[in-house]
Amino acid sequence: MVLSRDRGEDRRTQCGARWVAPRVAHAWLPSPRNLLDMDTFSKSDPVVVLFVQGSGSSEWKEFGRTEVIDNTLNPDFVRKFVLDYYFEEKQNLRFDVYNVDSKSCSVLKQDFLGQAFVALGEVIGSQRGRLERPLTGVPGKRCGTILLLAEELSNCRDIVTMQLCANKLDKKDFFGKSDPFLVFYRSNEDGTTVKIDVYDWDRDGSHDFIGEFATSYRELSRAQSQFTVYEVLNPRKKCKKKKYVNSGTVTLLSFSVESEFTFVDYIRGGTQLNFTVAIDFTASNGMPSQPTSLHYASPYQLSAYALALKAVGEIIQDYDSDKLFPAYGFGAKLPPDGKISHQFPLNNNVDNPSCAGIEGVLESYLQSLRTVQLYGPTNFAPVINQVAGAAAQVTDGSQYHVLLIITDGVISDMLQTKEAIVTASALPMSIIIVGVGPAEFEAMEELDGDEVRVSSRGRYAERDIVQVTPALSPVPPQARDAQPLADLRSRRVVSNWAANFFPSKFVPFRDYVDDSGNQVLSMARLAKDVLAEIPEQLLSYMKTRDIKPRRADPQ
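Residues numbered from 1 in each chain as written. Predicted model: local features only at pLDDT ≥ 70, side-chain atom pairs only at ≥ 80, totals over all residues. Heavy atoms only, no water.

Before we move on, could you go through the sheet that holds strand E23 (residues 373–374) and cite the residues and values that matter?
Read across the sheet, 3 strands follow the order E20-E19-E23 without closing on themselves; strand pairing throughout is antiparallel. A strand with exactly one partner marks an edge of an open sheet, and here the two such strands are strand E20 (339–341) and E23. The pairing of strand E19 (residues 332–334) with E20 spans 3 bridges and is antiparallel. From the neighbouring strand, Leu-334 faces E20, where its bridge partner is Lys-339. (Pairing = 2+ DSSP bridges. Helix = DSSP H or I, 4+ residues; strand = E, 2+ residues; numbered from the N terminus.)

An account of the nonpolar core is needed here, citing residue identities and associated values.
In this structure, Phe-281 and Leu-531 are the most contacted members of the largest nonpolar core, which totals 77 residues. By residue number, the principal contributor to this core is helix H5 (residues 304–316), which donates 10 residues. (Core = buried A, V, L, I, M, F, W, Y, C linked by side-chain atoms within 4.5 Å. Buried < 20%, exposed > 50% of the residue type's maximum accessible area, 1.4 Å probe, protein only.)

Tell me what's going on with the packing of H5 against helix H6 (residues 357–371), and back it up with residues and numbers.
Where H5 contacts H6, the two axes come as close as 10 Å, and the packing angle between them is 160 degrees. In terms of orientation, H5 lies roughly antiparallel with respect to H6. In this structure, H5 meets H6 at a crossing whose hand is right-handed. Here Tyr-305, Ala-306, Leu-309, Lys-310, Gly-313 and Glu-314 of H5 lie close against H6, whose contacting residues are Ile-358, Glu-359, Val-361, Leu-362 and Tyr-365. Classifying every residue of the contact of H5 with H6 by side-chain character gives 7 nonpolar, 1 polar and 3 charged. (Axes fitted to C-alpha atoms, helices over the stretch in contact; angles between N-to-C directions. Parallel < 35°, antiparallel > 145°, perpendicular 65-115°, else oblique. Left-handed = near helix turned anticlockwise from the far one by under 90°. Contact = heavy atoms within 4.5 Å. Nonpolar A, V, L, I, M, F, W, Y, C, P; charged D, E, K, R; others polar.)

With reference to specific residues and values, describe the sheet that holds strand E4 (residues 46–53).
The strand order across the open sheet formed by 4 strands is E5-E4-E7-E8, and the pairing between neighbours is antiparallel. Each of the sheet's edge strands pairs with one partner strand only, and the pair in question is strand E5 (60–65) and strand E8 (111–119). Adjacent strand axes in the sheet meet at a mean angle of 25 degrees when their direction is disregarded. As paired strands, E4 and strand E7 (residues 92–99) are joined by 8 bridges and run antiparallel to one another. Residue pairing for E7: Val-48 is matched across the bridge by Val-97.

For the pairing of E4, give the residues involved together with the corresponding values.
Of all 8 residues that make up E4, 7 are buried, and the element is covered over most of its length. Note: E4 against E5, 5 bridges, orientation antiparallel. When the bridges of E5 are listed, Val-49 appears paired with Arg-65. A loop of 6 residues connects E4 with E5, the two strands running antiparallel in sequence, and Gly-56 in this loop sits at a positive phi of about 75 degrees.

Describe the pattern of salt bridges, listing the residues and the values that go with them.
By the definition in use, this model includes 17 salt bridges. Glu-419 is the salt-bridge partner of Arg-459, the closest N and O atoms lying 2.9 Å from each other. Linking Arg-459 in strand E27 (residues 459–460) with Glu-419 in helix H8 (residues 414–424), this pair joins segments that are 40 residues apart in sequence. Residue Arg-459 is classed as partly exposed on the basis of its relative accessible area, which comes to 37%. Ionic pairing is found between Arg-545 and Glu-462, a salt bridge with its closest N-O pair at 2.7 Å. Placement of the pair is Arg-545 in the segment after helix H11 (534–544) and Glu-462 in the loop between E27 and strand E28 (467–468), with a sequence separation of 83 residues. (Salt bridge = Lys/Arg side-chain N within 4 Å of Asp/Glu carboxyl O.)

Now the structure itself:
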């Protein structure tokens, strides 16, 4: 909402309002094919049971079941599973298929036909949101397959922009005119009926009620062709005063509707997330062979670098069809001549620095530790420029780059990095910087453009591109679900998500380490925080460039 007050004699006020649809869930429709036939005189009577695994947990919990379909090996279920989808979380799913052979509700008393494991992101990131997996679990038997189809549920993706004007509202201030503002309420779940309260704002928060009126989405939409006038009524005054008419009027001057695309719209339209990693090989990390080194990997646990890489990479890889990830190191002396490099390929292939999957990146990283000499300094600009160059080649929305930089020390080339960030801010890319080890990273605050936009040689970043997060800051529940209507009673301005776009994020890894030593939970915490903004960052880039998602191929 944007609110402006007018202290004119007729006590008119105008305001603009944005009505945004809430975050949507996803429906999952499983369709098993060629199931095992467990019945003697007929075919199996299958049911699918969905189990979910909590973030950072190994426990499986039953989420729901389909209906039972009698006498078929190729069931088409009607009942869907509705799940909230979070890009930043590894949401593991397990689909168990049973032949219902008794009236018992316990699956233990039914015939097991097979199961399939999948991450929710794998289905979202697959072509057209469809993924087929083999069913396994019955020794010596071919159990068939299960086809998973994900579809986004959305009652409304529209953003409504309104302009309203109030006239002759009741005077509430003793020495001046009223300072009116509006509060919008939904009276039912679909938001078609809207109640609007009018208040006089007071500095101490004890706002005075002026009156109210009700309308509907359909009635509001008529303002596209004509003005609509609403009487503001105060129920108490109406009961007390026989000659009471109203407490003023509110006129709807304009009403426009704009469709909003979602992150999944772009993914299903073919947008690929290209993941690149850059790892710090400076001497301050310590000798990799020593247990005190940040690169040291014991037989029992991964190093901090490997943990950070797996936490982010294992989620992003679901949205990259070829699973090939460029991986670089910086701050090391390379054989045979000892030349210092700040963007050497971990796989030692200058022409093709891509590694096969996250495991391939880890393997190349460990191999580089055995062949290069850790040195310095800590320079970010070369690898940022490298990824920015790749991002600049395709700017039509079909490619979006995510660069993960993992470092143990304070940046050495601040001026050059600022220049690189200013350039990158106009490209389809995001930057995540994870700090490992005990170093103090306050110098990174210079890259934080929250208050002052990053600049270099007189050029300002097109968008804020660095966010410094000095401590663990999990996404609050209210940030996951955008409220469809705004309450201006607190005098806060509700801004569009695009105003808070941060294509770059810095976090110290130590803030995410689980006290009990649970590495899975540590990785889940890190990924949840550093990846939560990627969908909005992608949407912000697309919106500023007026790039619409491509329509998914129906075939």
